[in-house]
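Secondary and tertiary structure notes
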Amino acid sequence: MTETKRFFNPVGKSVPRIDGRGLVTGESKFTYDLKFNGMLVGKMIRSPHPHAKVIRIDTTKAQQLPGVKAVVTARDTNQIKFGSNEYFFPHTVDQLALESEKVRYIGDEIGAIAAETEEIAEAALKLIEVEYEVLPAVFDVFEAIKPGAPQIHAHCRNNIGVILPVNFGNPNRGLRESDYVREDIFYSQAAAHACMETHVCIGQWETYSDKITMWISHQAPFKVREALAKCLKINLNNIRVIKMPSGGGFGGKLEMLPMDFSACLLSKKAGGVPVKMCYSRQEEFSFSRRKHNMHYKLKSGVRKDGKLMAITGEVYADGGAYCSYGPTVMAAATMRIFMVYNLEHLRITGYRVYTNKPISGAIRGFGGVQSGFSIESHMDLLAEGIGMDPVEFRLKNITGPNMVTKNKMIISSNGLKECIEAATEKSGWKQKRGKQRHLARGIGIGIAADVMGSKMYKSHESAGAIIKIEEDCSVYLFTGAADTGQGSNTALSQIAAQELGIGFERISCTAADTEITPFDTGSFASRVTFISGNAALLAARDAKKQILEIVADKHECKAQDLDIVAEEVIVKADGSVLCSFDKAVELCYSFDYGKQIIGRGSYNPKTTPIDFRTGEGNVSGSYGFEAQIVEVEVDTETGKIKILKLWDAHDVGKAINPSSVESQVEGSVVMGLGYTLFEDLEFHNGRVANASFAKYKVPRSGIIPPIETIMIETNDPQGPFGAKGMGEAALLPTAAAIANAIYDAVGIRLKELPFTPDKVIKALEEKQNHNHKDEVE
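Cut-offs applied
- Residues numbered from 1 in each chain as written.
- Predicted model: local features only at pLDDT ≥ 70, side-chain atom pairs only at ≥ 80, totals over all residues.
- Heavy atoms only, no water.
- Helix = DSSP H or I, 4+ residues; strand = E, 2+ residues; numbered from the N terminus.
- Polar contact = N/O pair within 3.5 Å; in protein donor to acceptor, adjacent residues only side chain to side chain.
- Contact = heavy atoms within 4.5 Å.
- Buried < 20%, exposed > 50% of the residue type's maximum accessible area, 1.4 Å probe, protein only.
- Axes fitted to C-alpha atoms, helices over the stretch in contact; angles between N-to-C directions.
- Parallel < 35°, antiparallel > 145°, perpendicular 65-115°, else oblique.
- Nonpolar A, V, L, I, M, F, W, Y, C, P; charged D, E, K, R; others polar.
- Salt bridge = Lys/Arg side-chain N within 4 Å of Asp/Glu carboxyl O.

1. As for the side chain of lysine 357
Following the sequence through the fold, lysine 357 ends up in the loop between strand 17 (346–354) and helix 11 (368–385). Here the side chain of lysine 357 touches phenylalanine 139 through a polar contact of 3.4 Å, landing on its backbone oxygen. In this structure the side chain of lysine 357 is engaged in a polar contact, spanning 2.6 Å, whose partner is the side chain of aspartate 318. Setting aside residues no more than four positions away along its own chain, lysine 357 makes contact with Arg104, Tyr105, Phe139, Arg290, Asn293, Asp318, Gly320, Ala321, Phe683 and Gly686.

2. Observations concerning the side chain of histidine 153
Looking at the secondary structure, you find histidine 153 in the loop between helix 4 (141–144) and strand 9 (160–168). The class for histidine 153 is buried, based on a relative accessible area of 3%. There is a polar contact of 3.5 Å between the side chain of histidine 153 and the side chain of arginine 104. Among all residues touching histidine 153, those that are not within four sequence positions of it are Asp94, Arg104, Asn159, Ala321, Tyr322 and Tyr354.

3. Topic: the packing of helix 16 (residues 528–555) against helix 17 (residues 581–588)
At their nearest, the axes of helix 16 and helix 17 sit 9 Å apart, and the two run at 85 degrees to each other. When the axis of helix 16 is compared with that of helix 17, the two are roughly perpendicular. Of the residues in helix 17, those in contact with Ile547, Ile550, Val551 and Lys554 of helix 16 are Phe581, Ala584, Val585, Leu587 and Cys588. Residues belonging to the contact of helix 16 with helix 17 are distributed by class as follows: eight nonpolar, no polar and one charged.

4. Considerations on unusual backbone geometry
Keep in mind that most residues, glycine aside, have a negative phi and that most peptide bonds are trans. Cis peptide bonds are those with omega within 30 degrees of zero, and the linkage from leucine 753 to proline 754 qualifies with -5 degrees. With respect to the element layout, proline 754 can be found in the loop between helix 19 (734–746) and helix 20 (757–776). Non-glycine residue phenylalanine 366 carries a positive phi angle of around 50 degrees. Position of phenylalanine 366 relative to the elements: it lies in the loop between strand 17 and helix 11. The backbone phi angle of phenylalanine 721 is positive, close to 55 degrees, even though this residue is not glycine. For phenylalanine 721, the location among the structural elements is in the loop between strand 32 (707–712) and helix 19.

5. Concerning the pattern of salt bridges
One pass over the full model with this rule turns up 49 salt bridges. Across the pair arginine 182 and aspartate 184 runs a salt bridge whose closest N-O atoms are separated by 2.7 Å. Aspartate 184 carries the same exposure label as arginine 182, and that label is buried. Two residues, glutamate 567 and arginine 506, come together in a salt bridge whose shortest N-O distance is 2.6 Å. Of this pair, glutamate 567 sits in the loop between strand 24 (562–565) and strand 25 (568–571) while arginine 506 sits in the loop between helix 15 (488–500) and strand 23 (507–511), placing them 61 residues apart in sequence. Salt bridges sharing partners connect three or more residues here, namely Lys211, Arg240, Asp513 and Glu515.

Shown next, in the form of structure tokens:
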């Protein structure tokens, strides 16, 4: 029998993933793999029109089909709306579990069917008779805001669902005092999450107990519970949400979908049997959430010495039919700049616009991908305008440690300068920049910052954890955090083991079960390591304190003079050993004490809510930073872009698990490559035109370049053992770094994503024609 490898002091070590073996062997059970006696298959009834009134729904024929067990429509719901930014933006709560009077995009849900098999359910869908009054539709942002455009929501004038103004200082004066002012417009396309696992859930509403159980692939199971309780009018303690292993989320599994409500409603109507709902790949592309396509207008000014004087702009985002996470996306798109650049004068207004297209929502980076491309491309153009190296320009204007930004963000640790310096040194920036055009090769930079959570959803953003130590010295960690593939169960177990002073392999982790584990807001905004990690640390500290108090009592000393190191209780002063960890636990459960060891931890970061009228507020307990440099080669005959190498220097605070950190960076970078080079969710009259992997291109292994991850450790004073979150930031500057590298290589400036070969060829031809015209003149 192979002896288990011991991992003492696991923080900072690449310990194996807790769930690794099950995932790679296929033994892990995903939601789709679950089977229950009598389980039915559910399918959604969807609108074929982008905009229409629902006049009549007749389900009679479908209900009479043998094998059909239940049909639900809006009449079976409580007509209560749900949304994702309800606390700060109650007017954006605009979607019903099933629409009753009006549909607003192709695929809008008006009912659901449960049957014995998928084939019967599909056949039943064809028997549903729906009478619509088709209404005029609008698909373009700028058409939607014109007077007289079709009104998608009655409460919303000119189809503008969210306006976020950010205004600090005196931008007009800043522009007047600038030596160089320029304007640019950038466009970022819509994109899909492209998770390998589509949306799937199983809902069971037991008729005898009136209790709901939902098995689901989700990033925020407690948000699921909350939404079910609200819309189905049932108490929280009658709802259990069990998060199953996830085949990817990236923001797409961060909120409720009508199918989640429908699974429960169908179950109740079918007599309490479980109902499984699973999107097909075509449904996933067409009817789930997507990235906001965004127009980003910027006008900025700089002095000759490189001082960034003022930035102004407007952002127009296509939100689709419902609001979803619109306010948060717009906040990220307009306010993240304060984390990166030390600005006095800024005025940017964000407009999220309703259209009759599928719903735009959260996606990795929220609005930071779009703003990162626009702002970091714009920064290079400003630097060029005054003849300054892009790296020198950024170093002159970035934020630093221990500062408060103009909009009251409190930055403690900040390794952005070190990230830039490390990335430029490793990449050979000085030796390559501007010196490889004869080879059609170039090098470019982009920088970014990200939050460690975001107080934009509830009055608090706390996470809880429990450590339970049994009589046989088994150690259990209970956390509400949702591991969606990023390895958070492993990282939180490392933190708990480190604080307890025991081997990592002792920890058994149970996560994201709303009936068993403490509350946690969810996995988003790079928050889990920082916030949930602190909760795990505090729970472990509490458990350790309880053990040491009993050992101290037994040995007639003070608990504060003791510690647990490498599974031994020691005296801090001289390192002498009093007993082993096992003996200490045995003592706790002995006749004399009989003490159960249950440690509790709760952590709520020290933040302040944003004033969305101005953009002022400290949204995160800490901030992460990074610099990314890309070297490219452009084929001027075909327009193809080859990424030769990418360097990513990341301020991670402290790498809890270096291997997982590296994997997170590489995963983000690969998503960034896809968005930059070819991913593009296309629409035709509101319908997704490329709803398959045959037509929607994603990065494949053959195009992935060498990626060098450089970890900058700044030991954040708020983070668990100094750690920060870092799941999203590596995605934010990739498009701009590539755009800047392409300009260095062949002298063309691409301002519209994705950078397809035809756009490259067109830009090269325009450059050639411009040069020819100059020669003639």
